[in-house]
Amino acid sequence: MLSPSSFDDRYLIESFYGELFNRFYSACNSSVRVLLRGCAFGIAPNRNKVRTFFIVAPNRDVAEKLTQHIEGIIQQAVELMPGIPQTAICYNVTPENRVEESPDVANSRRSSSKLMVGKFFPNISLN
């Protein structure tokens, strides 16, 4: 069981990130918000230990549509998360739909049940 202080710290952190992601979502234009509705958000280091704002789309189609709006997404990330140097748009590939992916993705990590595929973008303000 968590001590009261660690529970309070966890609640504070969850509240902070929840509000940050809500502000990001609200700041995007309406067509991007429609795409973001089914997405999950998080901030974590990538495999190279670079802090990354992850947008995990529910499927490949949504992820590809989000990449078409990457300039606006990055602009909001730069304004709201200045200490985060990159954004990733990802989606999970399950064994059922792995055949639809490129041969590199289809052959990688055959033993794992899920594989995350995505593109990374530097958070550089275009304005």
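Source: prediction; values computed, not measured. (Residues numbered from 1 in each chain as written. Predicted model: local features only at pLDDT ≥ 70, side-chain atom pairs only at ≥ 80, totals over all residues. Heavy atoms only, no water.)

**What to know about the pairing of strand β3 (residues 86-93)**
Reasoning step 1: With seven of eight residues buried, β3 is to be regarded as a mostly interior element.
Reasoning step 2: Pairing of strand β2 (residues 51-57) with β3 involves six bridges; the strand directions are parallel. In the strand pairing of β3, V56 is matched with C90.
Reasoning step 3: Here β3 pairs with strand β4 (residues 115-122) via eight bridges, running antiparallel. Of the residues in β4, the one forming a bridge with V93 is L115. (Buried < 20%, exposed > 50% of the residue type's maximum accessible area, 1.4 Å probe, protein only. Helix = DSSP H or I, 4+ residues; strand = E, 2+ residues; numbered from the N terminus. Pairing = 2+ DSSP bridges.)

**Some points on helix α3 (residues 60-67)**
Working note: α-helix, 3.6 residues per turn, so residues spaced by three or four point in the same direction.
Reasoning step 1: The complete set of buried residues in α3 reads V62, A63 and L66. Down the axis of α3, the buried set is contained in an arc of 100°. They therefore lie on one face.
Reasoning step 2: The inward-facing, buried residues of α3 abut α2 (30-36), β2, α4 (70-80) and β3.
Reasoning step 3: Measuring from the backbone nitrogen of D61 back to the side-chain oxygen at the start of α3 gives 3.1 Å, which picks out N59 as the cap. (Arc of directions from axis to C-beta. Contact = heavy atoms within 4.5 Å. Polar contact = N/O pair within 3.5 Å; in protein donor to acceptor, adjacent residues only side chain to side chain.)

**Comments concerning the sheet that holds β2**
Strands pair in a sheet through their backbones, by hydrogen bonds, and they do so in one of two ways: parallel or antiparallel.
Reasoning step 1: Read across the open sheet, the four strands follow the order β1-β2-β3-β4; overall the sheet is mixed. One side of each edge strand has no neighbouring strand; the edge strands of this open sheet are β1 (40-45) and β4. Within the sheet, the average angular offset between the axes of one strand and its neighbour, ignoring direction, is 30°.
Reasoning step 2: Bridge count between β1 and β2: six bridges; the pairing is antiparallel. If you follow A44 over to β2, its bridge partner there is T52.
Reasoning step 3: Strands in contact with α4 are β2, β3 and β4; relative to β3, the strand with the most contacts, it is inclined by about 120°. (Axes fitted to C-alpha atoms, helices over the stretch in contact; angles between N-to-C directions.)

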